[in-house]
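Given next are the chains, with one letter for each unit.
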Amino acid sequence: MEFDFTTLSASQRYKLLVSTIVPRPIAWVVSLDAAGKLNAAPFSFFNAFSQDPPVVCIGIGGRHPGDVKDTGNNIRVTGEFVVNLVSFANAEQMNITAIEFGPEVDELAEAGLTPIPSVRVKPPRIAESPVSMECERLMTIELGNERALVLGKVLLMHIRDDAVIDAAKCYIDTPKLDLIGRMHGRGFYTRTRDQFEMPRIPVEDWQLRNTD
Ligand SMILES: Cc1cc2nc3c(=O)[nH]c(=O)nc-3n(C[C@H](O)[C@H](O)[C@H](O)COP(=O)(O)O)c2cc1C
């Protein structure tokens, strides 16, 4: 069946995109407003896009015309944020931080989470998260309709000690992080436990295989 995106409504397009592009990692973003008030929220329009420079990107929407989400507003104003990743153990608290609170509410306090000072940026990281990335805004691409793509340059990454196999070689025990991804609809998630290994094929091996 074909779905013509040029004739669909925004909510129909949203349904098709989020029920097919899965699983999506979740950026659990901590930011501060101009007065230093804490804010946290999850975003699954998120991924890593480059290592040199090290760039992550988050798609942040608006609530309604003229009203951007607090995270988007804070990053536009301060240029700094921390992306925390979400483990299965963090899932319920992450969900609490997604409640549409007003800007006066500190979602970390509501969810009983612990902010710890960052090294390079003003917003703190979340102590309960296994991975946190301290980021500065590289650029914001305004998409219209209060939506923006925020490109962040990663300045520093924290990884929980027990998940680091060899710090010098940057070997990480990824399964131990027990990260979750967002699936379809508003409430489905997946764990990252169902893995399989498939080595890359060197071109010489491929050519040999085909001449056998
Ligand atoms: C798992 C999850 C992923 C989400 N992903 C996004 C997203 O990619 N973009 C977005 O604008 N809102 C997303 N939301 C909704 C925001 O988290 C929600 O609107 C939040 O209240 C925004 O908070 P803020 O106003 O403090 O920034 C997501 C919610 C959940 C639960």
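Summary of the structure given here. (Residues numbered from 1 in each chain as written. Predicted model: local features only at pLDDT ≥ 70, side-chain atom pairs only at ≥ 80, totals over all residues. Heavy atoms only, no water.)

**Concerning the site of the ligand**
- In the vicinity of the ligand there are 19 residues, among which P42, R63, K69, T71 and E100 approach most closely.
- The separation between a nitrogen atom of the ligand and a polar main-chain atom of G59 is 3.0 Å.
- In the environment of the ligand, an oxygen atom lies 2.8 Å from a nitrogen or oxygen atom belonging to the backbone of G61.
- Bound to the protein, the ligand loses 92% of the 640 Å² it would expose on its own. (Near = heavy atom within 4 Å. Polar contact = N/O pair within 3.5 Å; in protein donor to acceptor, adjacent residues only side chain to side chain. Areas by Shrake-Rupley, 256 points an atom, 1.4 Å probe, with all protein chains shown as cover.)

**Topic: the packing of aromatic side chains**
- The tally for this structure, following the rule as stated, stands at one aromatic pair.
- Taking 6.3 Å as the distance between ring centres and 70 degrees as the angle between the ring planes, the aromatic pair formed by Y14 and F45 counts as edge-to-face. Taken together, the positions of Y14 in helix 1 (residues 10-18) and F45 in the loop between strand 3 (38-43) and strand 4 (46-51) put the pair 31 residues apart, joining distant regions of the chain.
- Look at F45 and you get partly exposed, because its relative accessible area is 39%. (Phe/Tyr/Trp six-rings, centres within 6.5 Å; stacked < 30°, edge-to-face > 60°. Helix = DSSP H or I, 4+ residues; strand = E, 2+ residues; numbered from the N terminus. Buried < 20%, exposed > 50% of the residue type's maximum accessible area, 1.4 Å probe, protein only.)

**Here's the deal with the pattern of salt bridges**
- Applying the stated criterion across every chain yields a total of seven salt bridges.
- One salt bridge connects D178 with R193, and the closest N-O pair in it is separated by 3.6 Å. Here D178, found in the loop between helix 5 (174-177) and strand 15 (180-182), pairs with R193, found in the loop between strand 16 (189-191) and helix 6 (203-211); they are 15 residues apart in sequence, far enough to count as distant.
- The class for R193 is exposed, based on a relative accessible area of 58%.
- One salt-bridge network, in which partners are shared between bridges, spans R63, D67, D70 and E100. (Salt bridge = Lys/Arg side-chain N within 4 Å of Asp/Glu carboxyl O.)

**Some points on the sheet that holds strand 2 (residues 27-32)**
- With antiparallel pairing, seven strands are arranged side by side in an open sheet as 3-2-8-11-12-5-4. This sheet does not close on itself; its edge strands, each paired only once, are strand 3 and strand 4. Sheet twist, expressed as the mean angle between neighbouring strand axes with direction ignored, is 30 degrees.
- Relative to strand 11 (residues 131-144), strand 8 (residues 80-84) is paired through five bridges, and the arrangement is antiparallel. (Pairing = 2+ DSSP bridges. Axes fitted to C-alpha atoms, helices over the stretch in contact; angles between N-to-C directions.)

**Re the environment of I201**
- Within the element layout of this structure, I201 appears in the loop between strand 16 and helix 6.
- I201 sits in the partly exposed class, given a relative accessible area of 47%.
- Apart from the residues lying within four places of it in its own chain, the contact partners of I201 are W206 and R209. (Contact = heavy atoms within 4.5 Å.)

**Let's talk about the pairing of strand 11**
- Relative to strand 12 (residues 147-159), strand 11 is paired through twelve bridges, and the arrangement is antiparallel. Among the inter-strand pairings, M133 is bridged to a residue of strand 12, identified as M157.
- Connecting the antiparallel pair strand 11 and strand 12 is a turn made up of two residues, with N145 showing a positive phi of about 50 degrees.

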